[in-house]
Amino acid sequence: MSLYCGIACRRKSSWCYRLLSTYVTKTRYLFELKEDDDACKKAQQTGTFYLFHSLAPLLQTSTNQYLAPRHSLSELERLLSKFGQDSQRLEDSVLIGCSEQHEAWFALDLASLQKLEMETELQGSFIEMRKALFQLNAKDASLLSMAQALLRWHDAHQFCSRSGQPTKKNMAGSKRVCPSSKIIYYPQMAPVVITLVSDGTRCLLARQSSFPRGMYSALAGFCDIGESLEEAVRREVAEEVGLEVDKLQYSASQHWPFPNSSLMIGCHATVKPGQTEIHVNLRELEAAAWFSCEEVATALRRKGPYSQQENGTFPFWVPPKLAIAHQLIKEWVEKQTCSSLPV
Ligand SMILES: [Zn+2]
């Protein structure tokens, strides 16, 4: 049976979908919804919606935990009608995923509606994403950050950059088209390399003045146009701390919603032997330093931000678990032989 079966047999699909893995059938179903406006509209009937207001997701609290509620189409239609909106507004929603049972999930921003009244009606609060992200479980955090990125992209691409004419989104929100110049716009992310530099026994961490006090992280920077990943890492390390990368290893990647939408590409790098003197580029960084395995293992266990200590300093800590920087630092510590291992 060909893998294409899932698409070719979509109208009499259940028996042949069973031959494919859950992941593949989900992926094929979402692909179909992105390509076929009618299928997507139909999926809204049984789908559920995450709500946003001015890019802040609606959250509810339950026993000191934040939850991201989803609303059915009928609940949403009732809400829209109560606030004087018609169901046409649903066409602004974007597809962000589906359950294993193929319940499609959408996100909709209701920025033009009264925020406080909606919060009362929905028994929740629209929480700024920077705060929400660290309160949610990893699955919801990832889904909502993707939803916010997509909603923001649509908001910022209402007009064609060539003709200035309004662009039109497809039902799923996977693209926008300019009817005048026929240009198709796809949502984009900016690639960012984030590199944990080591000299073999110590690792290099740095901070920007905008970071919370005491927090140090791996070096990060946008890829320049035309650069490979390897070139971007070498350039960033040379630019920011004046060191030359010898060996480079890819670790993992992560979507990051701030400041816009970035693809964080995590790497480990070691510098050339003997080249360990840091020359901090003060246009980019406030400080950079080498840290021992013990120091970093202790910092991994701290959860900032912290207030100033009696001696006027701030405890040294690193980004929280959700951030790829934390994972890179943890991986590095686990490969060392120091006694103080991270939790
Ligand atoms: Zn155009």
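The structure contained in this document is the topic of the report that follows. Quick caveat: nothing in here was measured; it's all calculated off a predicted structure.

1. Side note on the overall build of the protein
Within the protein, the secondary structure is distributed over eleven helices and 16 strands. If one aligns the C-alpha atoms of the protein with their principal axes, the spans along those axes are about 65 × 50 × 45 Å. Looking at the protein as a whole, 45% of its 343 residues are labelled buried. Expressed as a percentage of contacts within the protein between residues at least 6 apart in sequence, the contacts between residues at least 24 apart total 61%. Summed over its atoms, the accessible surface of the protein is roughly 18,500 Å², and 50% of this surface lies on carbon and sulfur atoms.

2. Structural notes on helix 3 (residues 22-35)
Between its first and last C-alpha, helix 3 extends 20 Å over 14 residues, near the 20 Å set by a 1.5 Å rise per residue. Turning to helix 3, its buried residues are T25, R28, Y29, L30, E32 and L33.

3. Here's the deal with the pattern of salt bridges
A complete count under the given rule lists 13 salt bridges for this structure. With a shortest N-O distance of 3.3 Å, R70 and E103 are connected by a salt bridge. Of the two residues, R70 is situated in the loop between strand 3 (65-67) and strand 4 (71-72) and E103 in the loop between strand 5 (94-98) and strand 6 (104-109); the sequence distance between them amounts to 33 residues. Across the pair E244 and K272 runs a salt bridge, and its minimum N-O distance is 3.4 Å. Of the two residues, E244 is situated in the loop between helix 9 (229-241) and strand 14 (245-256) and K272 in the loop between strand 15 (262-271) and strand 16 (287-291); the sequence distance between them amounts to 28 residues. The exposure class of E244 is partly exposed, given its relative accessible area of 40%. One network of salt bridges, in which partners are shared, links D224, E227, R235, E236 and E239.

4. Topic: helix 10 (residues 293-301)
C293, V296, A297, A299 and L300 are the residues of helix 10 that are buried. Here the buried residues of helix 10 occupy an arc of 160° about the axis, which is enough to place them on one side. On its buried face, helix 10 is in contact with strand 12 (203-207), strand 16 and helix 11 (324-335).

5. Topic: the coordination of the zinc ion
Taken together, C160 (SG), S163 (OG), C178 (SG) and S181 (OG) make up the full set of protein donors to the zinc ion, lying 2.0 to 2.2 Å away. Each of the four donor atoms bound to the zinc ion contributes to angles spanning 98 to 134°, and the resulting shape is tetrahedral. Donor residues for the zinc ion sit on one chain with the sequence pattern C-x2-S-x14-C-x2-S. Of this pair, C160 sits in the loop between helix 8 (138-156) and strand 8 (168-169) while C178 sits in the loop between strand 9 (176-177) and strand 10 (184-185); the two residues are 18 residues apart in sequence, bridging distant segments of the chain. For C160, a relative accessible area of 4% gives the class buried. When its relative accessible area of 0% is taken as the criterion, C178 is described as buried.

Cut-offs and rules
- Residues numbered from 1 in each chain as written.
- Predicted model: local features only at pLDDT ≥ 70, side-chain atom pairs only at ≥ 80, totals over all residues.
- Heavy atoms only, no water.
- Helix = DSSP H or I, 4+ residues; strand = E, 2+ residues; numbered from the N terminus.
- Buried < 20%, exposed > 50% of the residue type's maximum accessible area, 1.4 Å probe, protein only.
- Contact = heavy atoms within 4.5 Å.
- Areas by Shrake-Rupley, 256 points an atom, 1.4 Å probe, with all protein chains shown as cover.
- Expected span 1.5 Å × (residues − 1).
- Salt bridge = Lys/Arg side-chain N within 4 Å of Asp/Glu carboxyl O.
- Arc of directions from axis to C-beta.
- Donors = N, O, S within 2.8 Å, 3.2 Å for Na, K, Ca; no water.
- Tetrahedral: all angles 85-135°; square planar, octahedral: opposite > 155°, others 65-115°.

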